Amino acid sequence: MARRRRRDRDPEVDQVIMQLWNVIDDLERLLPSQSRWFRVTIFGSSRIARGDALYNSAKDLAFQLTQLGCDIVTGGGPGLMEAANEGAQAGDLTGKTKSIGLHIELPFEYKPNPYIDRLSSHRTFFSRLHHFVRLSHAYIVLPGGIGTSLETFMIWQLLQVGYIKDRPLILLGDMWKGLVEWMNKEMVPRQYVAADDLNYVRAVSSIEEALRVVKVAKERFERSMDVLYAAGGPS
């Protein structure tokens, strides 16, 4: 007797998945979308070792952001994520800011770094990216590979289509300037992207430049929060 061929996808499974996403969307509408605290996500390579100049730069960046009163959010893993979380804890001299890690469960061993005050674990990159979007008010992208690029382009596209607004996406380091130049040379003439789409990112070379962009965004955010809470807070 021939074995029954298993269908590639059961329509009932698709229906359940759609129902689950509808529930998630409904919860999104119920949960408050505003945070009282300004949070900066730092993306970057997991392959940079402690002691590397780039590791120290990421640590210093997070330290200075924390001194400004920013919570720091990372992917919670090793490399530049660990550097940023370490800098965040070192810079929190008053106990008022948080070092947050959004950990991803992978088939190979991938432990959260030890410098996290608040840890959330995710089974999928999709849900983790969504969490980054909900938590953060600014994004700083340090040098990295495929994962860092995925996160960068996800945020970039959400800014492009207006899903998120007034959240700076800062590309820190010379390698990203090359990317923007390539897009301007190859994508814009072919009309795959509009020239204005490149304005959603700020490519900078130094920590000082990145901090200036964040300061402006944080001041704007705090003014909006003052207005919101003067009116009685989030509904």
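Residues numbered from 1 in each chain as written. Predicted model: local features only at pLDDT ≥ 70, side-chain atom pairs only at ≥ 80, totals over all residues. Heavy atoms only, no water.

## Remarks on the packing of helix 4 (residues 125–135) against helix 5 (residues 146–160)
Filter applied, for reference: Axes here refer to lines fitted to C-alpha atoms; in helices the fit is confined to the stretch in contact. Angles between the N-to-C directions go from 0 to 180 degrees. Helix and strand assignments follow DSSP, with helices taken as H or I runs no shorter than four residues and strands as E runs no shorter than two, numbered in order from the N terminus. Convention used here: angles under 35 degrees read as roughly parallel, angles over 145 as roughly antiparallel, angles from 65 to 115 as roughly perpendicular, and any remaining angle as oblique. Two helices crossing with the near one rotated counterclockwise from the far one by less than a right angle form a left-handed crossing, whereas a clockwise rotation gives a right-handed crossing. Throughout, a contact is declared for two residues whenever any of their heavy atoms are within 4.5 Å.
Contact geometry for helix 4 and helix 5: axes closest at 11 Å, N-to-C directions at 55°. On the basis of their axis angle, the class for helix 4 and helix 5 is oblique. Helix 4 and helix 5 meet at a crossing whose hand is right-handed. Facing Arg 128, Leu 129, Phe 132 and Val 133 of helix 4, the residues of helix 5 in contact are Leu 150, Glu 151, Met 154, Ile 155 and Leu 158.

## Points about helix 7 (residues 207–230)
Here is the rule: To estimate the expected span of a helix, subtract one from its residue number and multiply by 1.5 Å. Partly exposed describes any residue whose relative accessible area lies between the buried limit of under 20% and the exposed limit of over 50%, with all areas from a 1.4 Å probe on protein chains only and scaled to the type maximum.
Taking 1.5 Å per residue as the helical rise, helix 7 with its 24 residues ought to reach 34 Å, and the 34 Å between its terminal C-alpha atoms agrees with that figure. Residues of helix 7 that are buried include every one of Ile 207, Ala 210, Leu 211, Val 213, Val 214, Ala 217, Lys 218, Phe 221 and Met 225, and no others. Among the residues trailing helix 7, Gly 232 stands out with phi positive, at a value near 110°.

## Topic: the nonpolar core
Selection criterion: Here, nonpolar core refers to any group of buried Ala, Val, Leu, Ile, Met, Phe, Trp, Tyr and Cys residues whose side-chain atoms link them within 4.5 Å.
Core analysis: the biggest nonpolar cluster contains 29 residues, and Val 40, Ile 42, Leu 61, Leu 65 and Ile 140 have the highest contact counts within it. Elements with a minimum of two residues in this core: strand 1 (39–43), helix 2 (53–67), helix 3 (80–91), strand 5 (138–141), strand 6 (169–172) and helix 7. In this structure, Leu 65 is in contact with Val 40, Ile 42, Cys 70, Ile 72, Ile 140, Leu 211 and Val 214, ignoring residues within four places of it in sequence. Ranked by size, the runner-up nonpolar core spans 25 residues in total, among them Leu 179, Val 180, Met 183 and Val 193.

## Things to note about the sheet that holds strand 6
In plain terms, the rule: Strand pairing follows a simple DSSP-based rule, namely that at least 2 bridges must link the two strands.
Spatially, the seven strands line up as an open sheet ordered 4-3-2-1-5-6-7, and their pairing is parallel. Pairing within the sheet leaves two strands with one partner each, and these edge strands are strand 4 (118–122) and strand 7 (201–204). Adjacent strand axes in the sheet meet at a mean angle of 20°, parallel and antiparallel pairs treated alike. In terms of strand pairing, strand 2 (residues 71–74) meets strand 3 (residues 99–104) through three bridges, oriented parallel. Along strand 3, the bridge assignment pairs Thr 74 with Gly 101. Against the sheet, helix 7 contacts strand 1, strand 5, strand 6 and strand 7, and its axis sits at roughly 175° relative to strand 6.

## Describing the confidence of the model for the protein
Selection rule: The pLDDT value expresses, per residue, how confident the predictor is, ranging between 0 and 100.
The predicted model of the protein has a mean per-residue pLDDT of 88, with 86% of residues at 70 or higher. Predicted confidence is poor over residues 1–6, with pLDDT under 50, and the contacts of this stretch with residues over four places away or in other chains come to zero contacts.

## A word on the pairing of strand 6
In plain terms, the rule: Looking down the strands as they point away from the viewer, one classifies a crossover as right-handed if the path from the first strand across the helix to the second runs clockwise.
Along strand 6, one buried face is formed by Leu 169 and Leu 171 and the opposite face, lined by Ile 170 and Leu 172, is buried too. Examined bridge by bridge, strand 5 and strand 6 share three bridges and lie parallel to one another. Note that in strand 6 the partner of Val 141 across the bridge is Leu 171. Viewed along the sheet, the connection from strand 5 through helix 5 into strand 6 turns out right-handed. Judged from the four bridges that link them, strand 6 and strand 7 form a sheet pairing that is parallel. Bridging across to strand 7, Leu 169 finds its partner in Val 201. For the handedness criterion, the β-α-β arrangement of strand 6, helix 6 (residues 174–186) and strand 7 is classed as right-handed.

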